Amino acid sequence: MESSYNFKTIEPKWQKHWEDNNFFRVNEDPGKPKYYDLEMFPYPSGNLHMGHVRNYAIGDVIARFKNMNGYNVLHPMGWDSFGLPAENAAIKHGHHPAQWTYANIENMKLQLKTLGISYDWDRELASCKPDYYKFTQWMFLKLYENGLAYKKSAAVNWCPSCQTVLANEQVVDGSCERCETTVTKKQLAQWFFKITDYAQRLLDDLVSLPGWPEKVKTMQKNWIGRSEGCQFDLTIVGSDEPLTVFTTRADTVFGVTYMVLAPEHPLVEKISRGTSYEAEVREFAQRMQFLSDLDRTSTDAEKEGVFTGAYAVNPMNGENIPIWIANYVLIDYGTGAIMAVPAHDERDFEFARKYNLPVKVVIQSDDSPTDGAQMKEAYTGDGSMVNSLEYSGLSVSEGQKQIVAFMESAGFGKGTINFRLRDWLISRQRYWGAPIPMVYCEDCGLIPVPEEQLPVLLPEDVEFKPSGESPLNYVESFYKTTCPNCGKPARRETDTMDTFVCSSWYFARFCDPHNSSLPFSKEAVDYWMPVDQYIGGVEHAILHLMYARFFTKFLNDINMLSCNEPFTNLLTQGMVLKDGSKMSKSKGNVVSPEEIINTYGADTARLFILFASPPERDLEWSDQGVEGSYRFLNRVWRLVTDCAEDIDGVQIPELFSELEPSARKLRFKTHATIKKVSDDVRDRFNFNTAISSIMELSNMMYAYRDQEEQDLPVLKEAINTLIILLSPFAPHLCEEMWHVCGHNDSICQQSWPQYDEAALVQDEMEIAIQVSGKVRERIIVPTGISKEALEAMALAQPKIQDLINGKKIIKIIVVPGKLVNIVAQ
RNA sequence: GCGGAUGUGGCGGAAUUGGCAGACGCACCAGACUUAGGAUCUGGCGCUUCACGGCGUGGAGGUUCGAGUCCUCUCAUCCGCACCA
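The rules behind the values
Residues numbered from 1 in each chain as written. Chains lettered and ligands numbered in written order. Predicted model: local features only at pLDDT ≥ 70, side-chain atom pairs only at ≥ 80, totals over all residues. Heavy atoms only, no water. Pairing = 2+ DSSP bridges. Helix = DSSP H or I, 4+ residues; strand = E, 2+ residues; numbered from the N terminus. Phe/Tyr/Trp six-rings, centres within 6.5 Å; stacked < 30°, edge-to-face > 60°. Buried < 20%, exposed > 50% of the residue type's maximum accessible area, 1.4 Å probe, protein only. Lys NZ or Arg CZ within 6 Å of the ring centre and 35° of its normal. Expected span 1.5 Å × (residues − 1). Contact = heavy atoms within 4.5 Å. Polar contact = N/O pair within 3.5 Å; in protein donor to acceptor, adjacent residues only side chain to side chain. Patch = residues over 30% accessible without salt bridge, like charges linked within 9 Å, V, L, I, M, F, W, Y side chains within 5 Å. Areas by Shrake-Rupley, 256 points an atom, 1.4 Å probe, with all protein chains shown as cover. Salt bridge = Lys/Arg side-chain N within 4 Å of Asp/Glu carboxyl O. Lys, Arg positive; Asp, Glu negative; His and termini not counted. Charge placed at Lys NZ, Arg CZ, Asp CG, Glu CD. Axes fitted to C-alpha atoms, helices over the stretch in contact; angles between N-to-C directions. Parallel < 35°, antiparallel > 145°, perpendicular 65-115°, else oblique. Left-handed = near helix turned anticlockwise from the far one by under 90°. Nonpolar A, V, L, I, M, F, W, Y, C, P; charged D, E, K, R; others polar.

A.B. asks: What is the right way to look at the sheet that holds strand β6 (residues 164–165) in this model?
C.D. replies: In a beta sheet, neighbouring strands pair by backbone hydrogen bonds and run either parallel or antiparallel. Taking strand neighbours across the sheet as the criterion, the four strands line up as β6-β5-β9-β19 in an open arrangement whose pairing is antiparallel. Each edge of the sheet is formed by a strand with only one pairing partner; in this case those strands are β6 and β19 (424–425). The pairing of strand β5 (residues 149–159) with β6 spans two bridges and is classified as antiparallel. Residue pairing for β6: Trp158 is matched across the bridge by Val165.

As structure tokens, then:
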């Protein structure tokens, strides 16, 4: 491989040069348009994987491109460094989470630097450092102050083997991700953020995000799950407590044949007490309580329930209806109770058939069944109301309106909107997270830690329990404190925050990362925010992206920043696959970035990953494809080094005079490539096609080099262009070539080239001639040729003559610049 | 079950507005250079046919002078959600 360029010396050389000269350090500059380019900050697991490389390579092309286009580009990097793996490592191997985490950061940072990404390392942050989590705690306090953080008892995921609660995302298929024990439910007092207060805004503002993938917006929309309906009260026979239900089908209220309460519903015990059903009801409710969410709510779990012995009265017609409890009604949606209309709801239908409950048809259309007893499935379509007293004959939507209006005027119901979105459970019984800044005082109750006392430091000298229980519960010096209010001894909250809290505001911190009195200054965030381009995996489509939007709206409400949405444009990159599936240790198909960089260099790794597939699509790793990218870079290297001497000192004129046809062709290609690469990178992020057009340019330059005589200014222009256009993708090699060609300044500081319209003017072009839609001939014509002349030329072609001879020409379509289609019969 | 995406040579992928399908790369084949090549360079490369030609973008229809692109139906794969009343 003697004709290969030496990436092993080139790459570190320029990385050092860029760093020494602070090329990527930025400050607010009102004189330039800003561009905030951000990749999702990684969890410091210890090693970079290909997914990271892809993520950062994409971000870096955008950063370098925008930079060369005159933008003031903020491109920072940091670490999402709190979280379970550090603690698991501590339990298993005895390393302290802090030590483990910082060592990982150190290692990953080194790996990242070998990729040559244009980060402003001055703004590096780590969410596990006190100077950062101080402000995560500050965020908590502000939310608390504004009534958006509260503590309540909730049934949470509990791993009986690890003796701890788990976040929803740590429950994989109903089991603990760590020990694979089936997760159960446990009632615990937990901290929540009231994200539901923002449900409507989170939904509404999705339409103001045209730069987001439709898929992500749809997922968020479904997750928020807004549904319009009404809530109304029913009386319970023999009780004075009302039973409140939520329904979206008020029009079917005359079809109610039974009621269902969630097993956890507070009325269950009261209404069944003293009846012959009491024991059975209690037994059922208890059994449901300990079932995991998965067992409780999956669609293939069979519906089951028991009768409570009590009856409710349908307020619309006075009918008595039996009250059941069943697994398919959830306590935390709506009111935890439903009116069941088996004729017009699939779930109710299934349940009614199982327990032989009556099915009463109240909606009918032309082809819908009329007899409840004969129905095979619920009819959920549109139609008009029947068996509904004076409402009979109304349409579904009109019926809903009138019935809700009646309920409101009669005072037992009202129109309501329900969201599927639940409040965000943020407390974790874990050590390696930001401590929740609250204190429990016997006299004063729950008291927030005053702002000036932040941060509440995580104690370092702790002992990790093999059970996984938080060591904070055993650190007296931590939990023993005094009440900030009255000064008496008090107990500190030992729960820490979900790591998603840390990542909900880091993008704002990057704007002002060294601020020690505030999370960030308003001036700094208002200059940089919102993030112009955010890049990351689609796995964060809901959680992180929704939480970050929530925080941004909250920070806007308390006047900390002026934008309403954090991320203007979102690019969700595809996965990196090997042999058709995601790289994983268990499958043994992992390709390590370190190895690739060692063998081929960072430029090759970057180029391959960008060339193999457009960014949003999954990418199939190919070792041979990597070879190909390496080969291409070497081809460019040889071309440039071979030409360097010839073009040394050659002047590129402002205006080119008449050129030889071959020189003219090359110049055309040079400028066509500028246009193509600029469009592909700026408008579409289609780096694969941008790179392929650069390859075409270099191929043509090779051909041009074979000629005996060359127009050196044209060649030099092509070489310069080639290097600059390639530089966002393969920055080290291009920097080297730039200097080999005699330049002393950095390639990063070059202006992006503009194409010359004049060079793109061609005097002739190829036109396809079709006969009845099939291409039969191609001709070269002058560019400005008239439609008529083009048509005549097409008809005059001997081959065309032969084909249309003896046929009737029905019509001729002439598309200037493209083709002529002669329709003949 | 619901929602979304994707389907193009041996492979990764191009075709941006309905206008020459297969750019670019990989693999493969042939040749050149060479002591040698798993380096480099040149050429070939959808299927089929000796050829003229015919066929071809998951499948079946349709609209159109013209469809990978638009419409209807259908199949397959992947992803997300999954009793939300």
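A.B. asks: Please clarify how the packing of aromatic side chains should be interpreted in this entry.
C.D. replies: Under the criterion given, the structure shown has 47 aromatic pairs. Between Phe140 and Phe193 the ring centres are 5.8 Å apart and the planes differ by 50°, which places this aromatic pair in the tilted class. Taken together, the residues span a long stretch of sequence, with Phe140 in helix α5 (residues 130–145) and Phe193 in strand β9 (residues 184–193) at a distance of 53 residues. Since its relative accessible area comes to 0%, Phe140 is described here as buried. Measuring from centroid to centroid gives 6.0 Å for Phe685 and Phe687, while their planes differ by 35°, and the two rings are tilted. In terms of burial, Phe685 and Phe687 fall into one category: buried. Positioned over the ring face of Phe478 is Arg492, at 5.6 Å from the centre of the ring.

A.B. asks: Please clarify how helix α20 (residues 623–647) should be interpreted in this entry.
C.D. replies: Helical geometry note: an α-helix holds 3.6 residues per turn, so side chains three or four residues apart project in the same direction. Compared with the 36 Å implied by 1.5 Å per residue over 25 residues, the 36 Å span of α20 between its first and last C-alpha is a close match. At the C-terminal side of α20, Gly649 shows a positive phi close to 80°.

A.B. asks: Can you walk me through the environment of Glu214 in this structure?
C.D. replies: Relative to the elements of secondary structure, Glu214 occurs in helix α7 (residues 214–224). A sequence separation of 89 residues divides Glu214 from Lys303, and the C-alpha atoms of the two residues are 35 Å apart.

A.B. asks: Can you walk me through the environment of Tyr198 in this structure?
C.D. replies: On the secondary structure map, Tyr198 appears in the loop between β9 and α6 (199–204). Measuring from C-alpha to C-alpha, the distance between Tyr198 and Thr244 comes to 24 Å, with 46 residues separating the pair along the chain. Beyond its immediate chain neighbours, meaning those up to four positions away, Tyr198 contacts Leu148, Phe550, Lys553, Phe554 and Asp557. There is a polar contact of 2.8 Å between the side chain of Tyr198 and the side chain of Asp557.

A.B. asks: Explanation requested: α5 in the structure shown.
C.D. replies: The end-to-end C-alpha distance of α5 is 22 Å, a good match for the 22 Å that 16 residues give at a rise of 1.5 Å each. What α5 keeps buried is the set Tyr132, Tyr133, Phe135, Thr136, Gln137, Trp138, Met139, Phe140, Leu141, Lys142 and Leu143. Of the residues flanking the end of α5, it is Gly147, one or two places downstream, whose phi is positive at about 70°.

A.B. asks: Teacher, can you tell me more about a positive patch on the surface here?
C.D. replies: Taken together, the side chains of Lys774, Arg776, Lys799 and Lys807 define a basic patch exposed on the protein surface. For Lys799, the position within the fold is in helix α27 (residues 798–804). According to the relative accessible area criterion, Lys799 is partly exposed, its value standing at 44%.

A.B. asks: What exactly am I supposed to notice about the side chain of Arg667 here?
C.D. replies: Along the polypeptide, Arg667 turns up in helix α21 (residues 661–684). At a separation of 3.1 Å, a polar atom in the side chain of Arg667 contacts the side chain of Asp756. Setting aside its immediate chain neighbours within four residues, Arg667 contacts Phe656, Leu659, Val714, Glu717, Asp756 and Ala759.

A.B. asks: I keep staring at the packing of helix α22 (residues 687–705) against helix α23 (residues 712–726) and nothing clicks. Help me out?
C.D. replies: Running from amino to carboxyl end, α22 crosses α23 at an angle of 155°, the nearest separation of the two axes being 11 Å. Taken together, α22 and α23 sit at an angle that is classed as roughly antiparallel. As α22 runs across α23, the sense of the crossing is left-handed. Together, Ile694, Leu697, Ser698, Met701, Tyr704 and Arg705 of α22 and Leu715, Ala718, Ile719, Leu722, Leu725 and Leu726 of α23 make up the contact between the two elements. Tallied by class, residues from the contact of α22 with α23 come to 10 nonpolar, one polar and one charged.

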